[in-house]
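Structural features, examined
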Amino acid sequence: MIKHFIITCVLTLVSVITCFAAQKPNIVLIYADDLGYGDVSAYGSKTINTPNMDRIAKNGLRFTSAYATSATCTPSRYSLLTGEYAWRQKGTGILPGNASLIIQPGRNTLPAMLQKAGYKTAVVDKWHLGLGDKEIDWNGDIKPGPNEIGFDYSFIMAATTDRVPCVFVENHRVVGLDPKDPITVSYGKPIPGVPTGKANPELLTKQRPSHGHDMSVVNGISRIGYMKGGKSALWVDEDMADIFTGKAVKFIEGNKDQPFFLYYALHDPHVPRVPHPRFTGKSGMGLRGDSIIQADWCTGQILDTLERLKLTKNTIVILSSDNGPVLDDGYHDQAVELLGNHKPAGPLRGGKYSKFEAGTRVPFIVSWPGKIQTGVSDAMVSQIDLLASLAALTGQSLAEADAPDSLNMLPALLGESQQGREYIIEHGNGLAYRQGNWKYIEPSKGPKINKNTNTEMGNDEGPQLYDLSKDLGEKQNLATSHPDKVKELQAALEKVRQAGRSRQ
Ligand code: NG6
Ligand code: CA
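Residues numbered from 1 in each chain as written. Chains lettered and ligands numbered in written order. Predicted model: local features only at pLDDT ≥ 70, side-chain atom pairs only at ≥ 80, totals over all residues. Heavy atoms only, no water.

1. Some remarks on the side chain of serine 79
For serine 79, the position within the fold is in helix H3 (residues 73-82). Given a relative accessible area of 0%, serine 79 falls into the buried group. Not counting residues up to four positions away in its chain, the partners in contact with serine 79 are Thr69, Glu84, Tyr85, Ala86 and Ile384. (Helix = DSSP H or I, 4+ residues; strand = E, 2+ residues; numbered from the N terminus. Buried < 20%, exposed > 50% of the residue type's maximum accessible area, 1.4 Å probe, protein only. Contact = heavy atoms within 4.5 Å.)

Here it is, written out as structure tokens:
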């Protein structure tokens, strides 16, 4: 009896302490699309000016070794929201615009965990994790989707700006759809009677494709996939940043009196790059740079809103990107020709799609005024750790099966520790493993260069080993001279791969 009483007292005390330890700051995650390590002026670039992203860095902690899990969008977002490496699951590669939802409803995702912690949650802008569980009827209720995996509010595009359907989906419905003009989407056969960029180049009044992207034409630009109907619902690319930012701001305003989580997944600077005319010409390096300036403006609007509502001090803002940079990703937008001296990947090798550093090492800045150490951190962190870290912050426990690869890196994220992850797994076409300054890339038969995008992919038929402390640009393969190191890292990578989970 007494024993029982004591146990109850101890448990109550523990939960009181946990309760006091848990904090509920608002959390805003600004997640850009294809923004490179060198595309933010806070990261040292003199050729681009991103004053609003730099504002976050000025009030926060800028990470030099932070990683998206993968070198493309869908797998990075899958890992970010589930805390599980996408390469553990089939069907998590770049999705078509009519794919089914790849995250199981009921799963303890990042937003679902925060919902349990009492947060109102929203996703705005790029989704690209699929919708529905069978063929999607774009004219009815579209579900399951973000609202079924933890978001109270969603205002999204289904996939990417270069994929149909080119419409906004708010919660379960296409916005502005005229029922008399229903939407049909196909990723197989062309839809009879629907013009395409390939057959009707005269319709390409705004941008022409350089590779792929020659199917349905929307707003003078041909896309991937075929769509028919939905004329009144079609987006106008130039207005998208304003529309999405407006929704994000409205969500913050509507939830200012309670903890909220906003996942603002910016579509810039992904292709097609069609910023609002007020941004064109502003970067001096063409539409890719102008789209980054637009993304920076969107970021500024969010920061201004937090300030106006006096929420800055009680809000964690995280800025990052889903994968590294690319210049020609399928349209003639002069990203290559007008680049000048700008280095989208900074000192890193490769880019989007690559296992070299630029594929996944991305800008990552965290601010929480008054709470976080400001400055620069070289701790290794991965976006996959946000789930476990924010669970720790908000006092949520994770079950054994939840977020298997997500580690609590809160001390590193808050700048209390310089100690981050012991290793990072980088995922492109195959895997690479970084431990300290050693980086091992497993052998692969894939092409060395993606000819379309002119990206060095990091593929080689033999093992690659780089010492990033002396060779950040991954130029000197040391695999032959350091066979033991290769073996050690190979075995360590295999252990994580076979374990099926990283969290003990
Ligand atoms: C590729 C597209 C590319 C881009 C990418 C997804 C072609 C030839 N290329 O297949 O343009 O859309 O998929 O980018 O179609 S991501 O950032 O969403 O992963
Ligand atoms: Ca991307």
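2. Topic: the pattern of salt bridges
Taken as a whole, this structure holds 30 salt bridges when the rule is applied. Among the ionic pairs, aspartate 257 bridges to lysine 256, the shortest N-O distance being 3.5 Å. Here the salt bridges do not stand alone but share partners, grouping Glu357, Arg361, Glu426, Lys439 and Glu474 into one network. (Salt bridge = Lys/Arg side-chain N within 4 Å of Asp/Glu carboxyl O.)

3. Let's talk about the coordination of the calcium ion (ligand 2)
Protein ligation of the calcium ion (ligand 2) involves Asp33 (OD), Asp34 (OD), Asp322 (OD), Asp322 (OD) and Asn323 (OD1), the donor distances falling in the range 2.2 to 2.7 Å. Read in sequence order, the donor residues coordinating the calcium ion (ligand 2) give the pattern D-D-x287-D-N. Taken together, the positions of aspartate 34 in the loop between strand S1 (26-32) and helix H2 (51-58) and asparagine 323 in the loop between strand S12 (315-321) and strand S13 (364-367) put the pair 289 residues apart, joining distant regions of the chain. Accessibility expressed as a relative area gives 1% for aspartate 34, which makes it buried. (Donors = N, O, S within 2.8 Å, 3.2 Å for Na, K, Ca; no water.)

4. With respect to the sheet that holds strand S20 (residues 464-467)
Strand order in this open sheet of four strands is S15-S16-S17-S20, and the pairing throughout is antiparallel. At either end of the open sheet lies a strand with only one pairing partner, and these are strand S15 (423-428) and S20. Within the sheet, the average angular offset between the axes of one strand and its neighbour, ignoring direction, is 20 degrees. Here four bridges tie strand S17 (residues 438-441) to S20, and the two strands are oriented antiparallel to one another. Directly across from tyrosine 440, in S20, lies its bridge partner leucine 465. Contacting S15, strand S16 (430-435), S17 and S20, helix H9 (residues 483-499) runs over the sheet at an angle of about 115 degrees to S16. (Pairing = 2+ DSSP bridges. Axes fitted to C-alpha atoms, helices over the stretch in contact; angles between N-to-C directions.)

5. Here's the deal with the site of ligand 1
Taken together, 20 residues are adjacent to ligand 1, and Cys73, Asp162, Arg163, Asp329 and Lys352 come closest. Between ligand 1 and aspartate 329, the relevant distance is 2.7 Å, taken from an oxygen atom to a main-chain nitrogen or oxygen of the residue. Taking 450 Å² as the accessible area of ligand 1 by itself, protein coverage stands at 84%. A breakdown of the residues in the shell around ligand 1 according to their chemical character gives five nonpolar, seven polar and eight charged. (Near = heavy atom within 4 Å. Polar contact = N/O pair within 3.5 Å; in protein donor to acceptor, adjacent residues only side chain to side chain. Areas by Shrake-Rupley, 256 points an atom, 1.4 Å probe, with all protein chains shown as cover. Nonpolar A, V, L, I, M, F, W, Y, C, P; charged D, E, K, R; others polar.)

6. What to know about the state of the cysteines
The full count for this structure, using the stated rule, is zero disulfides. Just so you know, cysteine 73 is unpaired, no disulfide at all, and the nearest cysteine sulfur is the one on cysteine 166, 15 Å from it. Taking relative accessible area as the criterion, cysteine 73 reaches 5% and is therefore assigned buried. Note on cysteine 166: relative accessible area 0%, which makes it buried. (Disulfide = S-S within 2.5 Å.)

7. A closer look at the packing of helix H5 (residues 240-254) against helix H6 (residues 286-308)
Two elements in contact, H5 and H6, have axes separated by 10 Å at closest approach and are oriented at 20 degrees. The angle between H5 and H6 falls in the class roughly parallel. The element H5 and its partner H6 pack so that their crossing is right-handed. Here Ala241, Asp242, Thr245, Ala248, Val249, Ile252 and Glu253 of H5 lie close against H6, whose contacting residues are Gln294, Trp297, Cys298, Gln301, Ile302, Thr305, Leu306 and Arg308. For the contact of H5 with H6, the class distribution of residues is eight nonpolar, four polar and three charged. (Parallel < 35°, antiparallel > 145°, perpendicular 65-115°, else oblique. Left-handed = near helix turned anticlockwise from the far one by under 90°.)

8. What to know about the nonpolar core
Leu81, Trp127, Trp138, Leu262, Tyr263, Ile302 and Phe364 are the most contacted members of the largest nonpolar core, which has 110 residues in total. Mapping this core onto the domain boundaries places at least three of its residues in each of domain 1 (24-178 + 232-418) and domain 2 (184-228). Apart from the residues within four sequence positions on either side, phenylalanine 364 is in contact with Tyr43, Leu61, Arg62, Phe63, Ala66, Ile318, Leu319, Ser320, Val381, Gln383, Leu386 and Leu413. (Core = buried A, V, L, I, M, F, W, Y, C linked by side-chain atoms within 4.5 Å. Domains from an automatic or database assignment.)

9. Thoughts on the packing of aromatic side chains
Any two aromatic rings considered together are summarised by their centre-to-centre distance and by the angle between their planes. Here the structure, examined in full by the defined rule, presents 15 aromatic pairs. When the centroid spacing of 5.9 Å and the interplanar angle of 55 degrees are considered together, the rings of phenylalanine 279 and tryptophan 297 count as tilted. In this pair, phenylalanine 279 is assigned in the loop between strand S11 (260-265) and H6 and tryptophan 297 in helix H6, connecting sequence segments 18 residues apart. Through a chain of ring-to-ring contacts, the aromatic side chains of Tyr31, Trp127, Phe151, Phe261 and Tyr263 assemble into a single cluster. For arginine 361, the ring lying beneath its charged end belongs to tyrosine 37, and the centroid distance is 5.9 Å. (Phe/Tyr/Trp six-rings, centres within 6.5 Å; stacked < 30°, edge-to-face > 60°. Lys NZ or Arg CZ within 6 Å of the ring centre and 35° of its normal.)

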